[in-house]
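Results of the structural survey
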Amino acid sequence: MAGNPLLEVRNLRVEFPTRRGILTAVDDISLHIDPGEVLGVVGESGAGKSMTGAAIIGLLEPPGRIADGEILLEGRRIDNLPYEQMRRIRGREIGAIFQDPLTSLNPLYSVGEQLVETIQTHTDMSHSQALARAIELLAEVGIPAPERRVEHYPHQFSGGMRQRVVIALALCVNPKLIIADEPTTALDVSIQAQIIALLKRLCREHGTAVMLVTHDMGVIAETADRVAVMYAGRIAEIGPVRQVIQNPKHPYTVGLMGSIPSIDQGDGRLTQIEGAMPRLTAIPQGCAFNPRCTLTMDRCFRERPDLVQVEETRVSCWHHDKELAHA
Amino acid sequence: MVDAPTTQPAVVGDSASEPRGAETTAWSRFVESDVLYSFTRSPVTVTAAAVTAIFILSAVFAPLVAPHNPFDLASIDLMDSNLPPMWLEGGDPRFILGTDDQGRGILSTIIFGSRISLLIGFASVVLATVLGVGLGLLSGFVGGVVDAFIMRVAEIQLSFPVILTALLIDGVIRGVLNVEKSGELAYWILILSIGISNWVQFARTVRGSTLVERNKEYVQAAQVIGINPTLIVLRHILPNVMGPVLVIATIQLAVAILSEATLSFLGVGMPPTEPSLGTLIQIGNDYLFSGEWWMVIFPGIALAILVLAVNLLGDWLRDALNPKLR
Amino acid sequence: MLAFIIRRMIQSVVVMFFVALLAFAMFRFVGDPVHQMVGIETSLEEREELRVKLGLRDPIIVQFGRFVGNAATLDFGISYQHQRPVSEMIKERMPATLELSLISALFSLLVGVPMGVYTGLHRQGVLSKVFMTASLIGISLPTFLIGILLIYVFAVILGWLPSFGRGVVVDLGGWRTGLLTTEGLKALIMPAITLGLFQLTLIMRLVRAEMLEVLRTDYIKFARARGLTNRAVNFGHALKNTLVPVITITGLQLGSIIAFAIITETVFQWPGMGLMFLQAIQNVDIPIMAAYLIMIAFFFVAINLVVDMLYYVVDPRLRVDASKAHGHG
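Residues numbered from 1 in each chain as written. Chains lettered and ligands numbered in written order. Predicted model: local features only at pLDDT ≥ 70, side-chain atom pairs only at ≥ 80, totals over all residues.

Looking now at the pairing of strand β8 (residues 209-214) of chain A. Residues and elements named next belong to chain A. Most of β8 sits inside the fold, with six of its six residues counted as buried. Residues Ala-209, Met-211 and Val-213 point to one face of β8 and Val-210, Leu-212 and Thr-214 to the other, with burial holding for every one of them. Where strand β3 (residues 38-42) meets β8, five bridges bridge the pair, whose relative direction is parallel. From the neighbouring strand, Val-42 faces β8, where its bridge partner is Thr-214. The pairing of strand β7 (residues 177-181) with β8 spans five bridges and is parallel. The residue of β8 that forms the bridge with Asp-181 is Val-213. Handedness of the β7-helix α8 (residues 189-206)-β8 crossover: right-handed. (Buried ≥ 20, exposed ≤ 12 C-beta atoms within 10 Å, placed from the backbone. Helix = DSSP H or I, 4+ residues; strand = E, 2+ residues; numbered from the N terminus. Pairing = 2+ DSSP bridges. Right-handed = clockwise from strand over helix to strand, strands pointing away.)

What follows is the structure, given as structure tokens:
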């Protein structure tokens, strides 16, 4: 960990009060993102990865709330800022890209109007300056004939083109961090790669850090510098992407890797993790993964494992606890 | 941006959120959807249900509950007319809420009036349900020209307010029957006009659900193995559309009671000899200027409370059965 | 756009055709026009003569054609009860109804939309809950009862406002308006509130529901994520997106206001078309009923056309591809 991290999340807990009791969607998560770095966050639906993103950008939907922990941007706490101050950070310092480009744009405004509006909210540019910048941005995200397209409405763009517009909107005032929540899930497979490549190139050029939330290990492998594997609201394993992929340490990550087809595996069968992730209402005692784990010990049912450093990764699994010196 | 906290398959390929319980019927949703839970947790709903129950019970047992029988001419004395409520000066303890212009006790006329209002309300909703569900099933299952025609008519009718349609039908029936007979037949005229005015909602909902069900595999399978289409409709499709129909029926009951009251108030509904709540308000309206407010206010309050209670029940039922059905 | 408008025009014509057919059927088959026009002592021959003269022995198609032709030139025949041309009576009474409807529509829009936006944005607020409860009571109170209560309080007890009629009207080239005199305006207050209150609650609830729906959408979340101000998000993005359904329903409501005027006009003895129509129903005066039906249908169809055109102003999707018009909403 050289230098100061851009973003630091410490012991974050996100809760949802429901009439059946309080659901803990994110449970004691700590992670950091360095400037210009791409952190992949991977996990199943309900693992809490999107919720973590929403908490960082301050847009948890009520009744969801941050129950504990803190979030720091360049060393400054942002999780407890008043709404108006947080609003100035959103878009200006932390951008966001959502899953569905078809619904992320307001259908009643042209893409130009939406870009100009965002630029003018965060800068002192005049309308014509902002419009020029908007056209420039559209060109940058690879939209042909941007002078003409800037006047078009979202429905006049294809899905892939719309996601390019969304990326332009997220990047339009050069934020330091982008939370990209499943940015390609809703797109055709052929377009997914293009969008990921575009995002990666732009962020490298602008020096923007990315928190890339996805359930697609392939995208992570291709894009991320580091990866956090989430399970049932907790981090199972976090570390450099190569380490995690080639040498997974948590049984869950091992299972995940087993379920991804690989070229050199030949005719080897894909393995699958038995069972399903527990509901948030029924997370077992001890390690949340214990019902599906093939390597359980007594301790796994009793105590919850903390993240421990193993080589370059950090893992929450009793098998990697130093005292046991397993592995 | 919110991950639904649901159980998912092990493989991390989850984006296609499967519609949970797509095969469950509306009825099983009714049972599973915490209907009872939300009922007991909502004091407003419980109160509304209790009020509705009181109205229905006192309507059914009106002759036992009411202090007087306003239809029994022998018990009415014109000397008792226009008496104020008993707590006011000149009030008579026999008539708690006062009397009307013919010496009938307001409380008794309200009880018997609610009986008439509820009777016509229920009957016209039953008629509208039968009509609407039947036409909706027909429209959805047969399709083609039949569907186009029924839906066209529905659309045109829907663009007119219910009360106007009811008024027109009422006027036409009275025209056909001649004005003289319409007094005796007031019940039937009202039930017909209100019932016919309200079928559209049912038909549209049922048609929609039928179209969805019809394309499901089990219906197609039933058709392939040669089961009578009527049987398919009745046995498989009908139960699946009953949930929404129940919701609409409850809401329409409030509409029907209001429509009846309005028609009666306008003088084309129940005659003063057999007054519903609307007729009572119409009668009382003439005495408002002479300060005899109780003839209007009490039946008015009764009507408003009844409609409000039914509306609240309908609202709750709609939310409990399906929050998206608006 | 032109193609879409033309298609809607054709649809409107179809609707008007159906309504005309209905009105004609009423006119022709409910009761006997001749019976209504002559005295009891008229002989059978004279009746038959009149029948032929009136064209009642012509083929039905011809009669219907004549009926439509007459209606198109605003000739709706003679009122059975009043023995005067129906069109003349309508002309006298239309200004009263239109003024009343217009003012109450304005009232319900200008009050209902802001209330809806407020309750949508401040869902948990105390004021919102007050509004919502009041609106539920408003929906459950029948129009005529509201009118009666207003009369009792403001006319009978307080004596501030007149309880019936239009006050003093001014004749503007055949259009008798009550909007230009203090008495006329005072007479308009209670009827307009009575008529508008129900629509107001509907509009408020609709705007609220649409606001809640729109505020949940991805583009609102994305707008917030872009750091736009609350004002821009709530009014620029959210409110504008609620307009399409609001315009639709408001348009329909305008039509029903004219129809609901029947009740209000009865309560306040307001000398408009509604009161005339009600008296026609009570007396089975078919020509007036038929004429009223056609007039109302015409208003509805015209309003719907205007609403369709308003969509184009609001929603860019329709400007390009009219075929999507039905998939939206």
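Residue and element names in this part refer to chain A. In spatial order, the strands read β6-β7-β8-β3-β9-β10-β12-β11; together these eight strands make up an open sheet with mixed pairing. Two strands in the sheet have a free side with no partner beyond their single neighbour: β6 (94-97) and β11 (308-310). The sheet shows a mean angle of 20 degrees between the axes of neighbouring strands, taken without regard to direction. In the packing of helix α7 (residues 159-171) onto the sheet, contacts are made with β6 and β7, and the angle to β6 comes to roughly 170 degrees. (Axes fitted to C-alpha atoms, helices over the stretch in contact; angles between N-to-C directions. Contact = placed C-beta atoms within 7 Å.)

So, on to the interface of chain B and chain C. For an interface, size is often stated in terms of accessible area lost upon the parts coming together. Listed per partner, the contact involves 36 residues of chain B and 34 residues of chain C. Among the elements of the structure, α7 (162-177), α11 (229-265), α12 (277-285) and α13 (294-321) of chain B are those that each provide at least two residues to the side of chain B that touches chain C. Broken down by element, the side of chain B that touches chain C gets its largest block of residues, ten residues, from α7 of chain B. Of the residues assigned to the side of chain B that touches chain C, the class counts are 25 nonpolar, eight polar and three charged. (Nonpolar A, V, L, I, M, F, W, Y, C, P; charged D, E, K, R; others polar.)

This part is about the pairing of strand β4 (residues 65-73) of chain A. Where a strand is regular, its side chains alternate between the two sheet faces. Residue and element names in this part refer to chain A. Across seven bridges, strand β1 (residues 7-18) lies against β4 in antiparallel orientation. What sits directly across from Arg-13, in β4, is Asp-68. Examined bridge by bridge, β4 and strand β5 (residues 76-77) share two bridges and lie antiparallel to one another. Counterpart to Leu-72 in the pairing with β5 is Arg-77. The turn linking β4 back onto β5 is made up of two residues, and Glu-74 within it adopts a positive phi angle of 50 degrees.

As a further point, take helix α5 (residues 127-140) of chain A. Residue and element names in this part refer to chain A. Taking 1.5 Å of rise per residue, the 14 residues of α5 would be expected to cover 20 Å, and the 20 Å separating its terminal C-alpha atoms lies within 8% of that figure. Of the positions making up α5, those classed as buried are Ala-130, Leu-131, Ala-134, Leu-137 and Leu-138. One face of α5 carries all of its buried residues, which in axial projection span an arc of 120 degrees. Elements in contact with the buried residues of α5: α4 (111-122), α6 (146-149) and α7. Gly-142 sits one or two positions beyond α5 and adopts a positive phi of about 85 degrees. (Expected span 1.5 Å × (residues − 1). Arc of directions from axis to C-beta.)

Here we take up the packing of helix α5 (residues 106-142) of chain B against α13 of chain B. Residues and elements named next belong to chain B. For the pair α5 and α13, the least separation of the axes is 10 Å and the interaxial angle reads 35 degrees. Between α5 and α13 lies a crossing of right-handed hand. Only Trp-294, Met-295, Phe-298, Pro-299, Ala-302 and Leu-306 of α13 make contact with α5, whose side of the interface consists of Ile-106, Ile-110, Gly-113 and Ser-114. (Left-handed = near helix turned anticlockwise from the far one by under 90°.)

For the rest of this paragraph, the subject is unusual backbone geometry. Phi at Asn-11 of chain A takes a positive value of approximately 45 degrees, unusual for a residue other than glycine. By the C-beta count within 10 Å, which is 11 here, Asn-11 of chain A ends up exposed.

This part takes up the confidence of the model for chain C. Put simply, chain C has an average pLDDT of 82, and 93% of its residues get 70 or more. In the predicted complex, the global pTM is 0.76; the interface-specific ipTM is 0.84. (pLDDT = per-residue confidence, 0-100.)

Here we come to the domain arrangement of chain C. Residue and element names in this part refer to chain C. Per the domain assignment, the segments making up chain C are domain 1 (2-72) and domain 2 (87-328). Centre-to-centre separation of domain 1 and domain 2, based on C-alpha positions: 33 Å. At the interface, 15 residues of domain 1 touch 15 residues of domain 2. When residues of the side of domain 1 that touches domain 2 are assigned to their parent elements, the largest contribution, twelve residues, is made by helix α1 (residues 2-29). (Domains from an automatic or database assignment.)

We now examine the sheet that holds β4 of chain A. Strand pairing in a sheet takes place through backbone hydrogen bonds and is either antiparallel or parallel in direction. All names here are of chain A. The strand order β2-β1-β4-β5 describes an open sheet built from four strands, whose pairing is antiparallel. Of all the strands in the sheet, the pair left with one neighbour each is β2 (21-33) and β5. Contacts from helix α1 (residues 49-57) reach β1, β2 and β4, with the element oriented near 110 degrees to β1.

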